[in-house]
Amino acid sequence: MSDPFKTSDNEQTSMSGIARTDTNNADRPQMKPGKRVIRPWLLFSLLALLVVLLTVRDDLRQNAAESSEKAARYLAFDRLGWSPRDVFVWRLRLAGLADSPLGQQWAGAVERANNQPLRVGDQYHTSEAFADDQVEAHVYHMALERGQKLTWQLYRLDTSDSRLYASLERHESDGEGWSTVTELNADGATRSRVASLSGDYRIVLQPELFARVEYSLAIANGGSLPFPVEAASQRDIGSSFGALRDGGAREHHGVDIFAKRGTPVRAVINGHVRTGTGGIGGNHVWLSGGMLGLGGARYYYAHLDSFVIESGARVKQGEILGYVGNTGNASTTPPHLHFGIYSGGPVDPAPFLKPEPVLPVR
Ligand SMILES: [Zn+2]
């Protein structure tokens, strides 16, 4: 799985956005070589310098969505795995600035900021500014477990049209590098992603060269599924994932959520259910998402006292599936729901079941 996140809302990254016209090219002065033969090389050098400067200024100002042609080029870069920031570095290179002290400073700003990482907890909010005479990046670090949902809201406090590069990146488990999960829009919309890989993540913000940018960033992380037992919470989880069972013969592939017998148990997603009555799970339900219940994760509810749904039915998230009990091999333990998640093997449900992320109030 290359994308460590799945989109949990209908966020779209539109490449064909706002067209912006730039008339600098039209204003380009028509310089003609003088008739006098005095120092033609000087005139030529000046002309060449002017052309380079104009090109560079244009390059630095151009927006990804400036024209449909540009948009197509960016889409092509996107297919190469290039972020808008990579494209900006490439433009600096084309302009011969990449190896200049300024270009080097810009390209190295993220790693410089990364050396003094700012750790972000479950809730974070900041308002910051980039000065136009400094070359800086801001980096916010967070550790996420598989199943945790990251929510963010980013918006510009300034009114300039200079570009702010913003991305969510994941630390590659097999190396030093960071890969871009998604670009962030500074449009103030609330967006979320669910981590499908545990690891270190960071939000990186950097303005283009010589830009003064102010922004507000709010970040929160939490769980991605509603709690499957009514009126219960994480505190009611009595036995965690991976605990040894049957004298070490097997591992506990789920969490046990203790509740009074008869407490409603609810569907954590829209899906398709299959019920069963035998084995160590006793009265159990398999809930699957995706087309016809195929593909995607499967959710296992065991030790139910009784069912509400019929096997083969489609259910909506939040619908009651049955009631907490102690059937199966739980007959000697207090009533509880054994809840498991299977997606290419058993997955720890605990990070999924944390409270939903709530953005801090400013
Ligand atoms: Zn269990």
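Residues numbered from 1 in each chain as written. Predicted model: local features only at pLDDT ≥ 70, side-chain atom pairs only at ≥ 80, totals over all residues.

**Some thoughts on the sheet that holds strand β9 (residues 199–207)**
So, point 1. Taken together, five strands build an open sheet; the order of strands is β2-β4-β9-β6-β7 and the sheet is mixed. Single-partner strands in this sheet number two, and they are β2 (118–119) and β7 (178–183).
So, point 2. Most of the contacts of helix α3 (residues 84–94) go to strand β6 (residues 164–171), to which it runs at about 115°, and overall it touches β6, β7 and β9.
So, point 3. In the packing of helix α4 (residues 101–114) onto the sheet, contacts are made with β4 (138–144) and β9, and the angle to β4 comes to roughly 50°. (Pairing = 2+ DSSP bridges. Helix = DSSP H or I, 4+ residues; strand = E, 2+ residues; numbered from the N terminus. Contact = placed C-beta atoms within 7 Å. Axes fitted to C-alpha atoms, helices over the stretch in contact; angles between N-to-C directions.)

**Some remarks on the confidence of the model for the chain**
So, point 1. Taken residue by residue, the chain gives an average pLDDT of 82. The fraction at 70 or more is 79%.
So, point 2. Throughout residues 7–35 the model reports pLDDT below 50, and contacts reaching past four residues in sequence, or to other chains, amount to 37 contacts.
So, point 3. Every residue in residues 56–74 scores below 50 in pLDDT, and together they form 34 contacts with partners more than four places removed in sequence or on other chains. (pLDDT = per-residue confidence, 0-100.)

**Re α3**
So, point 1. Taken as a whole, α3 has its buried residues at Pro-84, Arg-85, Phe-88 and Leu-92. All buried residues of α3 project into a common sector of 105° when viewed along the axis, lining one side.
So, point 2. Against α4, β6, β7 and β9 lie the buried residues of α3.
So, point 3. Following α3 by one or two positions, Gly-96 adopts a phi angle in the positive range, close to 75°. (Buried ≥ 20, exposed ≤ 12 C-beta atoms within 10 Å, placed from the backbone. Arc of directions from axis to C-beta.)

**Concerning the nonpolar core**
So, point 1. Within the largest apolar cluster, 33 residues are counted, with the highest numbers of intra-cluster contacts made by Trp-152, Ala-166, Ile-203 and Ile-219.
So, point 2. Taken together, the elements giving at least two residues each to this core come down to α3, α4, β4, β5 (149–156), β6, β8 (187–195), β9 and β10 (213–222).
So, point 3. Among the elements that take part in this core, β10 stands out by supplying five residues, more than any other.
So, point 4. Once you skip the residues sitting within four places of it in the chain, Ile-219 turns out to touch Val-120, Tyr-124, Tyr-140, Trp-152 and Ile-203. (Core = buried A, V, L, I, M, F, W, Y, C linked by C-beta atoms within 7 Å.)

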